[in-house]
Amino acid sequence: MTDLEFMAEALAEARLAAESGEVPIGAIVVHNGAILARGQNRVLRDVDPTAHAEIVALRAAAAALGNYRLSGATLYVTLEPCAMCAGAMVHARLDRLVFAAADPKTGACGSVLAVLNHPQLNHLLEIAQGILAEESAALLRGFFRDRR
């Protein structure tokens with residue numbers, strides 16, 4: 001599968017989150033060319049401020065591999081990760097992050113902060129952005145418009 005196809009899978013997770021009343025953000029972890037884990041925002045359903053889509057997917061991927069280190073894995077997520085999620089990616093030793101839409105309010109992968117690839121951190125990962133960005137942004141805009 002391609003980055004576009006994997007991001008479409010993450011976007012499907014975001015839609016499921018929206019159907020459950022959560023902020024529509026979805027994530028998948030890919031390892032060895034296959035989807036290893038899926039995640040969507042579960043903050044409200046789990047009453048857990050750390051249950052962001054990225055964290056949910058990283059936890060499931062670590063459980064599936066039996067190792068918290070996810071070397072060789074790529075995380076696809078529909079919105080630029082926050083500082084908490086970016087920190088978790090560093091600790092997980094992900095190889096790559098692909099995100100759709102930038103987050104000018106809390107994005108920690110270049111928009112507001114640059115947590116990833118900081119020169120003092122001991123792990124660097126490849127970052128790609130913009131795949132299905134408009135679709136992801138439109139889903140978020142629609143969700144918040146409907147809630148107002």
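Note that the coordinates shown come from a computational prediction; the quantities given were computed from them, not determined experimentally.

Colleague: Honestly, the environment of Val115 in this entry has me stumped. Any pointers?
Modeller: Along the polypeptide, Val115 turns up in the loop between β4 (96–101) and β5 (126–129). Each C-alpha atom of the pair Val115 and Ala83 lies 6.5 Å from the other, and the pair is 32 residues apart in sequence. Among residues more than four places away in sequence, those in contact with Val115 are Ala83, Ala86, Gly87, Ala108 and Leu121.

Colleague: Please explain the side chain of His123 as it appears in this structure.
Modeller: Residue position: His123 is located in the loop between β4 and β5. By relative accessible area, His123 is classed as buried at 12%. A distance of 2.7 Å separates a polar side-chain atom of His123 from the backbone oxygen of Leu94. Non-local contacts of His123, meaning those with residues more than four positions away in its chain, are made with Val90, Arg93, Leu94 and Asn117.

Colleague: Mind showing me how you'd approach the packing of aromatic side chains here?
Modeller: The geometry of an aromatic ring pair is captured by the separation of the ring centres together with the interplanar angle, meaning the angle of the planes. Enumeration over the complete set of coordinates arrives at 2 aromatic pairs. Aromatic side chains Phe6 and Tyr76 sit 5.2 Å apart centroid to centroid with 40° between the ring planes, which places their arrangement in the tilted category. With Phe6 in helix α1 (residues 3–19) and Tyr76 in strand β3 (residues 73–79), this pair connects stretches of sequence that are 70 residues apart. Taken together, a centroid distance of 5.2 Å and an interplanar angle of 80° make the contact between Phe143 and Phe144 edge-to-face.

Rules of the game
- Residues numbered from 1 in each chain as written.
- Predicted model: local features only at pLDDT ≥ 70, side-chain atom pairs only at ≥ 80, totals over all residues.
- Heavy atoms only, no water.
- Helix = DSSP H or I, 4+ residues; strand = E, 2+ residues; numbered from the N terminus.
- Contact = heavy atoms within 4.5 Å.
- Buried < 20%, exposed > 50% of the residue type's maximum accessible area, 1.4 Å probe, protein only.
- Polar contact = N/O pair within 3.5 Å; in protein donor to acceptor, adjacent residues only side chain to side chain.
- Phe/Tyr/Trp six-rings, centres within 6.5 Å; stacked < 30°, edge-to-face > 60°.

By themselves these figures say nothing about function.
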